Amino acid sequence: MHRYFTDQRHEALRHRVRDFAESEVRPRIAEMEANRSVCHDLSRLIARQGWIGATVHRAYGGMGAGHVAKTLIIEELSRVSAAMGAMVQASQLGVAKIVHFGSEEQKKTWLPAIASGDCLPTIAVTEPESGGHVLGMSSTAVRDGDGYVLNGRKIYVGNSHVGDLHGVVVRTGEGSKGLSAFLVESDTPGFRVGEQQPAMGLHGFSFGELFFDNCRVPAANLLGREGDGLSVAYSSSVLYGRPNLTAVSLGIHQAVLDETTRFCTERQRYGKPLADLGNIKLKLGRIQSRLLLARLSAYHAVHLLDQGLPCDAELMNAKLVNVESALESARDAMDIHAACGLFTDRPVERFLRDAHHIFAPAGTSDIQLLRLGELALGRAQGDWSSRLADLLRLEPSEWPEEDEVPDEVPDMAPADPPVTVRTDGTTPTVPGQRTGPAHRHSWFARPR
């Protein structure tokens, strides 16, 4: 099934990510579940593998591997830990705004740092009083000399507590043309992160509040032009948010099947394995069927993205199908486990909790159905995959050649890069070396 939209290079990458997830992430799950706190060091370790730069052009130090590769990275991490899969998807979502709307100077400054794992980006749109109604936001940015002064509050920001560079959409005017987007570094005066709140699932991942109190940013940090904020928000959500969250759901779904079949094989009833009972086979069959359909919809949609073809509808449908089917399969798994599933020594209850977290971001299932209904009526709006096709299309020159896939992959840790100095004489202030030469990381580099 994996080979429907993947080739040898994708599958080599899949095995690298899977090996890393098993060796580096799985041993930390119990700690993350017990502490329910942000896992800073593991987030940084994952970022240093270069996977946040899956869709970043190789000229900026990224993988240049495209959206299919991005999907399998998130899926494989989420199969082991949805929290860490969510961490990666949130940062890859943060990449979108710079790839789509960043100036050449912004791309040169930030994309190499993101690709190397030195900078974790976020995007901050949602507000307490407006929720998913983007045009209802009230946070503002006011021009003041050579900069802008931001005031307001954002909530449900993925990677809020580990992010280094926040892409913030705020009001600079009235109406739909009155939204603009800015890059705000995490140590900017007037910016702070709210206290982490306990949540149902995704323990180890942060999605909290950002506060802006007379937070001044240079005019050079404006993404695109004034008035582009709505386009930044919507395009990022449609083209990155939906497929990324689809991949998290897909990873959870695969984990549900793996764990439940293992349980049914090992558990004995009436002198034989639970898996031999007819009603159990039916439930397992439903889980397997949902997973096959969910995987097909997920990879088909991002395959179209890599081809630069219109696929807004496929991306909506993939999120709808994957979120709903993962939840249904997790509930079936809980039914099969019965009382055993209620205790935390087995992961099935974690799968159900984590699956619920993927429901709302980038639009609930009702939102996806509403947009698909508009499509059926010929009233579809947006068409972001067509508008930004030239930036989404995976060019043949971006792909590593087939003969780049080695049997044994050498270590690929780059030398320390020099620090890039900005035009105003300052250097980026997020931790560590931010920018440097555009290292052409192999897809297949051994995890660092």
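Structural data are supplied above this passage.
Residues numbered from 1 in each chain as written. Predicted model: local features only at pLDDT ≥ 70, side-chain atom pairs only at ≥ 80, totals over all residues. Heavy atoms only, no water.

Asker: It is not clear to me how the overall build of the protein should be interpreted in this structure. Could you clarify?
Answerer: Scanning the protein from terminus to terminus reveals 13 helices and ten strands. The buried share of the protein, reckoned over its 448 residues, is 57%. A separation threshold of at least 6 residues defines the contact pool for the protein, and within that pool the share at least 24 residues apart is 76%. Surface accessibility of the protein: about 18,500 Å² in total, with carbon and sulfur atoms responsible for 52%. (Helix = DSSP H or I, 4+ residues; strand = E, 2+ residues; numbered from the N terminus. Buried < 20%, exposed > 50% of the residue type's maximum accessible area, 1.4 Å probe, protein only. Contact = heavy atoms within 4.5 Å. Areas by Shrake-Rupley, 256 points an atom, 1.4 Å probe, with all protein chains shown as cover.)

Asker: Just to check I follow, could you spell out empty space enclosed by the protein for this structure?
Answerer: Taking a probe equal in size to a water molecule and rolling it over the atoms shows the remaining empty space. Evaluated as defined, the whole model comprises three cavities of 30 Å³ or more. There is about 40 Å³ of room inside the second largest cavity. As for the second largest cavity, its lining consists of Ile-29, Met-32, Glu-33, Ser-81, Ala-83, Leu-202, His-203, Arg-350 and Asp-354. Mapped by element, the contributors of at least two residues to the lining of the second largest cavity are α2 (29-35) and α10 (348-357). Top element by residues in the lining of the second largest cavity is α2. It accounts for three residues. Its residues assigned to classes, the lining of the second largest cavity shows four nonpolar, two polar and three charged. (1 Å grid on protein atoms, 1.4 Å probe; cavity = no way out; pocket = protein on both sides within 12 Å on 5 of 7 lines; lining within 4 Å. Points joined across faces, edges and corners; volume = space filled by probe spheres on them. Nonpolar A, V, L, I, M, F, W, Y, C, P; charged D, E, K, R; others polar.)

Asker: How do you make sense of the nonpolar core when you look at a structure like this?
Answerer: Nonpolar side chains in soluble globular proteins generally cluster together in the buried interior. Ranked by internal contacts, the top residues of the largest apolar core, which has 99 residues, are Ile-46, Trp-51, Ile-73, Leu-77 and Leu-239. Those residues in contact with Trp-51 that sit more than four places away from it in its chain are Leu-13, Val-17, Phe-20, Ile-46, Met-63, Ile-73, Leu-77 and Gln-92. Formed by 15 residues, the second largest nonpolar core is a distinct cluster that contains Ala-124, Val-168, Phe-182 and Leu-222. (Core = buried A, V, L, I, M, F, W, Y, C linked by side-chain atoms within 4.5 Å.)

Asker: Sorry if this is basic, but what is going on with α10 here?
Answerer: Side chains three or four residues apart in an α-helix point the same way, a direct result of the helix having 3.6 residues per turn. Burial runs high along α10: nine of the ten residues are buried. Every buried residue of α10 is accounted for by Val-348, Glu-349, Arg-350, Phe-351, Leu-352, Arg-353, Asp-354, Ala-355 and His-357. Buried residues belonging to α10 abut α2, α4 (66-80), α5 (82-101), β7 (207-218), α7 (229-266) and α9 (312-337).

Asker: Mind showing me how you'd approach the environment of Thr-260 here?
Answerer: Mapped onto the secondary structure, Thr-260 falls in helix α7. For the pair Thr-260 and Met-334, spaced 74 residues apart in the sequence, the C-alpha separation amounts to 8.8 Å. Once residues within four sequence positions are removed from consideration, Thr-260 is found in contact with Leu-284, Ala-333, Ile-336 and His-337.

Asker: Can you walk me through the pattern of salt bridges in this structure?
Answerer: Side chains that carry opposite charge are capable of pairing whenever their charged atoms lie near each other. Inspection of every chain in the model, using the stated rule, returns 28 salt bridges. Arg-153 is the partner of Glu-209 in a salt bridge, and the nearest nitrogen-oxygen pair spans 2.4 Å. Of the two residues, Glu-209 sits in strand β7 while Arg-153 sits in strand β3 (residues 147-158), which places them 56 residues apart along the sequence. Since its relative accessible area comes to 35%, Arg-153 is described here as partly exposed. One continuous salt-bridge network, built from bridges that share partners, spans Glu-11, Arg-14, Arg-18, Glu-22, Arg-26, Glu-75, Glu-76, Arg-79, Asp-258 and Arg-295. (Salt bridge = Lys/Arg side-chain N within 4 Å of Asp/Glu carboxyl O.)

Asker: Just to check I follow, could you spell out the layout of surface pockets for this structure?
Answerer: Counted as a void, the largest pocket has a volume near 1,400 Å³. Residue lining of the largest pocket: 48 residues in total, with Thr-126, Ser-237, Pro-361, Ala-362 and Gly-363 positioned closest to the centre. Secondary-structure elements contributing two or more residues to the lining of the largest pocket are α5, β1 (121-124), β3, α7, α9, α11 (365-376) and α12 (384-387). No other element matches α7, which puts ten residues into the lining of the largest pocket. Its residues assigned to classes, the lining of the largest pocket comprises 26 nonpolar, 16 polar and six charged.

Asker: Please clarify how the packing of aromatic side chains should be interpreted in this entry.
Answerer: For any two aromatic rings, the description comes down to two numbers: the centre-to-centre distance and the angle of the planes. Inspection of the entire model under this criterion finds four aromatic pairs. Seen in terms of ring centroids, Phe-20 and Trp-51 are 5.2 Å apart; in terms of plane orientation they differ by 90°. Their pairing is edge-to-face. Remark: Trp-51 occurs in the loop between α3 (40-47) and α4 and Phe-20 occurs in helix α1 (residues 8-25); sequence separation between them is 31 residues. For Trp-51, a relative accessible area of 4% corresponds to the buried category. Judged by centre distance (5.7 Å) and plane angle (20°), the rings of Phe-205 and Phe-207 are stacked. The exposure class assigned to Phe-207 is partly exposed, which follows from its relative accessible area of 29%. When the ring centre of Tyr-240 is taken as origin, the NZ or CZ atom of Lys-70, which lies over that ring, is 4.9 Å away. The lysine or arginine in question, Arg-387, covers the ring of Trp-384, its NZ or CZ lying 4.1 Å from the ring centre. (Phe/Tyr/Trp six-rings, centres within 6.5 Å; stacked < 30°, edge-to-face > 60°. Lys NZ or Arg CZ within 6 Å of the ring centre and 35° of its normal.)

Asker: I tried to follow unusual backbone geometry on my own but got confused; where do I start?
Answerer: Most peptide bonds are trans, and most residues other than glycine sit at a negative phi. At Arg-36, a residue that is not glycine, the phi angle is positive and equals roughly 55°. In this structure Arg-36 comes out as partly exposed when scored by relative accessible area, which is 43%. One non-glycine residue with positive phi stands out, namely Asn-159, at about 70°. Tracing the backbone through its elements, the reader meets Asn-159 in the loop between β3 and β4 (165-171). Asn-159 sits in the buried class, given a relative accessible area of 1%.

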